[in-house]
Amino acid sequence: MGRIQKSPRAQQGGATIADVARASGFSPMTVSRVINGERNVKDSTRVAVMEAVEKLNYSPNLAARTLAGAEQIRIAMLYGNPSFAYLSRLLVGTLEQARKSHVQLVIEQCDEGQDIHDVFADLIESGVDGVVLSPPLCDSPKMLELIQNTDVTCVVVANWCPPGKMSVVYIDDVEAAATMTRHILSLGHKRIAFVKGNPEQKASHQRLKGFEMAMAEAGMPIDTELVVDGLFTYRSGLDAADKLLDLANPPTAIFASNDDMAAAAITVAHRRHLDVPKDVTICGFDDTDFALSIWPELTTIHQPIADMSRAAVEILVDRIRAKRSGRPTPREDRMLDFTFVRRESDAQPNS
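Residues numbered from 1 in each chain as written. Predicted model: local features only at pLDDT ≥ 70, side-chain atom pairs only at ≥ 80, totals over all residues. Heavy atoms only, no water.

A. Representation of the packing of aromatic side chains. Counted by the stated rule, this structure contains three aromatic pairs. Where tyrosine 234 meets phenylalanine 290, the ring centres are 5.9 Å apart and the plane angle is 10 degrees; that geometry is what we call stacked. Highlighted residues: tyrosine 234 in helix H10 (residues 234-245) and phenylalanine 290 in helix H12 (residues 290-293), separated in sequence by 56 residues. Note on phenylalanine 290: relative accessible area 24%, which makes it partly exposed. The structure contains a cluster of three or more aromatic residues connected by ring pairs, namely Phe194, Phe211 and Phe255. The side chain of arginine 207 reaches across the aromatic face of phenylalanine 285, ending 3.7 Å from its centre. (Phe/Tyr/Trp six-rings, centres within 6.5 Å; stacked < 30°, edge-to-face > 60°. Helix = DSSP H or I, 4+ residues; strand = E, 2+ residues; numbered from the N terminus. Buried < 20%, exposed > 50% of the residue type's maximum accessible area, 1.4 Å probe, protein only. Lys NZ or Arg CZ within 6 Å of the ring centre and 35° of its normal.)

B. The arrangement of the pattern of salt bridges in detail. A complete count under the given rule lists 22 salt bridges for this structure. The shortest N-O distance in the salt bridge between arginine 334 and glutamate 332 comes to 2.8 Å. Take glutamate 332: its relative accessible area is 31%, and that puts it in the partly exposed class. A single salt-bridge network, built from bridges that share partners, covers Glu96, Lys100, Asp307 and Arg310. (Salt bridge = Lys/Arg side-chain N within 4 Å of Asp/Glu carboxyl O.)

C. Spatial organisation of helix H7 (residues 141-148). Of the positions making up H7, those classed as buried are Met143, Leu144, Leu146 and Ile147. The buried residues of H7 occupy one face: seen down the axis, they fall within an arc of 155 degrees. Here the buried face of H7 lies against strand E1 (74-79), helix H6 (116-125), strand E3 (130-133) and strand E4 (153-157). (Arc of directions from axis to C-beta. Contact = heavy atoms within 4.5 Å.)

D. Representation of the sheet that holds strand E11 (residues 334-335) within the structure. Spatial ordering of the open sheet is given by E2-E1-E3-E4-E5-E11, a layout of six strands whose pairing is parallel. Single-partner strands in this sheet number two, and they are strand E2 (104-109) and E11. Where strand E5 (residues 167-170) and E11 come together, two bridges link them in parallel fashion. Counted as the bridge partner of tyrosine 170 is methionine 335 from E11. (Pairing = 2+ DSSP bridges.)

E. Structural detail: the pairing of strand E8 (residues 253-256). Taking every second residue as pointing to the same face, both faces of E8 are buried, with Ala253 and Phe255 on one and Ile254 and Ala256 on the other. As paired strands, strand E6 (residues 192-195) and E8 are joined by four bridges and run parallel to one another. By the bridge assignment, isoleucine 192 is partnered in E8 with alanine 253. Here E8 pairs with strand E9 (residues 281-283) via three bridges, running parallel. Paired with isoleucine 254 across the two strands is isoleucine 282, which belongs to E9. In the classification by handedness, the crossover that spans E8, the intervening helix H11 (residues 259-271) and the parallel E9 is right-handed. (Right-handed = clockwise from strand over helix to strand, strands pointing away.)

F. Structural view of helix H2 (residues 17-24). Three or more residues of H2 are buried, namely Asp19, Val20, Ala21 and Ser24. Glycine 25 sits one or two residues past H2 and shows a positive phi near 85 degrees.

G. Structural view of empty space enclosed by the protein. Applying the stated rule across the entire model yields two cavities of 30 Å³ or more. The calculated volume of the second largest cavity comes to roughly 40 Å³. Lining the second largest cavity are Val53, Glu54, Asn57, Tyr58, Tyr79, Leu91 and Ile107. Along the lines of polarity and charge, the residues of the lining of the second largest cavity split into five nonpolar, one polar and one charged. (1 Å grid on protein atoms, 1.4 Å probe; cavity = no way out; pocket = protein on both sides within 12 Å on 5 of 7 lines; lining within 4 Å. Points joined across faces, edges and corners; volume = space filled by probe spheres on them. Nonpolar A, V, L, I, M, F, W, Y, C, P; charged D, E, K, R; others polar.)

H. Here's a closer look at the sheet that holds E9. The four strands lie next to each other as E7-E6-E8-E9, forming an open sheet whose pairing is parallel. Edge positions in the sheet fall to strand E7 (227-228) and E9, since each of these pairs with one other strand and no more. Each of E6, E7 and E8 touches helix H9 (residues 202-217); the most contacted strand, E6, lies at about 165 degrees to it. Along the sheet face, H11 touches E6, E8 and E9 and points at about 155 degrees away from the line of E9. (Axes fitted to C-alpha atoms, helices over the stretch in contact; angles between N-to-C directions.)

I. Region of interest: the side chain of arginine 207. Along the chain, arginine 207 turns up in helix H9. When residues no more than four places from it in sequence are discounted, the contact partners of arginine 207 are Asp173, Ala177, Phe194, Phe232, Ser257, Asn258, Phe285, Asp286 and Gln303.

J. Region of interest: the nonpolar core. With 60 residues, the main nonpolar core has Val20, Met50, Ile75, Met77, Val157, Val169 and Phe255 as its most contacted residues. When residues no more than four places from it in sequence are discounted, the contact partners of isoleucine 75 are Val103, Gln104, Leu105, Val106, Val128, Gly130, Val313, Leu316 and Ile320. Formed by 27 residues, the second largest nonpolar core is a distinct cluster that contains Leu247, Ala263, Ile282 and Ala291. (Core = buried A, V, L, I, M, F, W, Y, C linked by side-chain atoms within 4.5 Å.)

K. Fine view of the pairing of E4. Counted residue by residue, E4 has five buried out of five residues, so it is predominantly covered. Of the two faces of E4, the one lined by Thr153, Val155 and Val157 and the one lined by Cys154 and Val156 are each fully buried. Relative to E4, E3 runs parallel, the two being bridged by four bridges. Counterpart to valine 131 in the pairing with E4 is cysteine 154.

L. The packing of H10 against H11, seen in detail. In the contact formed by H10 and H11, the axes pass within 7 Å of each other and the chain directions differ by 50 degrees. Relative to H11, the element H10 is oriented oblique. Between H10 and H11 the crossing geometry is right-handed. Each of Tyr234, Ser236, Gly237, Leu238, Ala241, Asp242 and Leu245 in H10 lies in contact with H11, whose residues at this interface are Asp260, Met261, Ala263, Ala264, Ala265, Thr267, Val268, Ala269 and Arg271. When grouped by side-chain class, the residues that make up the contact of H10 with H11 number 10 nonpolar, three polar and three charged. (Parallel < 35°, antiparallel > 145°, perpendicular 65-115°, else oblique. Left-handed = near helix turned anticlockwise from the far one by under 90°.)

Function-wise, these values are silent; they only describe arrangement.
Quick look at the structure:
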């Protein structure tokens, strides 16, 4: 069965902050600032450091910082997101809140092809008190069933409605997608394409629902050939944009349901010598580093990913401490605000 493969250094006793510094090319002080979630760090620096954190499977030993006299709490973040831009924000928030909450954090990867039961069993055997679960794992029925059948406390990030007592931190994906669609309509676009996300993730369906809702509000029919499949990956965004721009009557605007796919659509437009946004408007969703690292910068929906993971850790630790003290642990769901961010990738249609 599939198992998580650790780096040699991790197998020998765990990577150190010095290892991360060497792998990323930055000083230990800079690495520490990134891991502690400080805001005065360049996005490119943050991404490079988090790539090294992931590669080395680095987990800061926060147990040493536990408050004097307090019982040690050990939590895990389990992830398998194909978008590194999304993942880096998620990790930053988780690391920062774990430090503030004085708990030990274990970061574990579970990618496609690995056995979910095997990975989760390893986590339980390691003695974790709770788990933060992120997309797409939080949308896996098998994973959710495994968690429900254990006594481990779990908080989910960005799942619309997990079952049982699992708490969730999320945004209103329906209203967020509707907000973006209304903006594109307000510019005068009528042929608006929508690139769907991974069909196995709840956010994909919620964002499509928001797009359809806003189109219906405006009395605009939806051309089915303008709603195309995607997987939340850059590669799927390339394929979707090629399909849309090959149409005899292509869209004047493309709303991709995450920034990775929107960035890919801009790449396809540039390959075809199309001006963005003069020839085609392209908008995204999430406001990850991708949104600011391409030209033109993306008009997008800001999903507060780092804040969501911070809130998830905060709720998780509170529930673990309540459970240990015998206090009730009712489910706590928390919805955070999204923000519409207009940049340079949208404009009125040419004709």
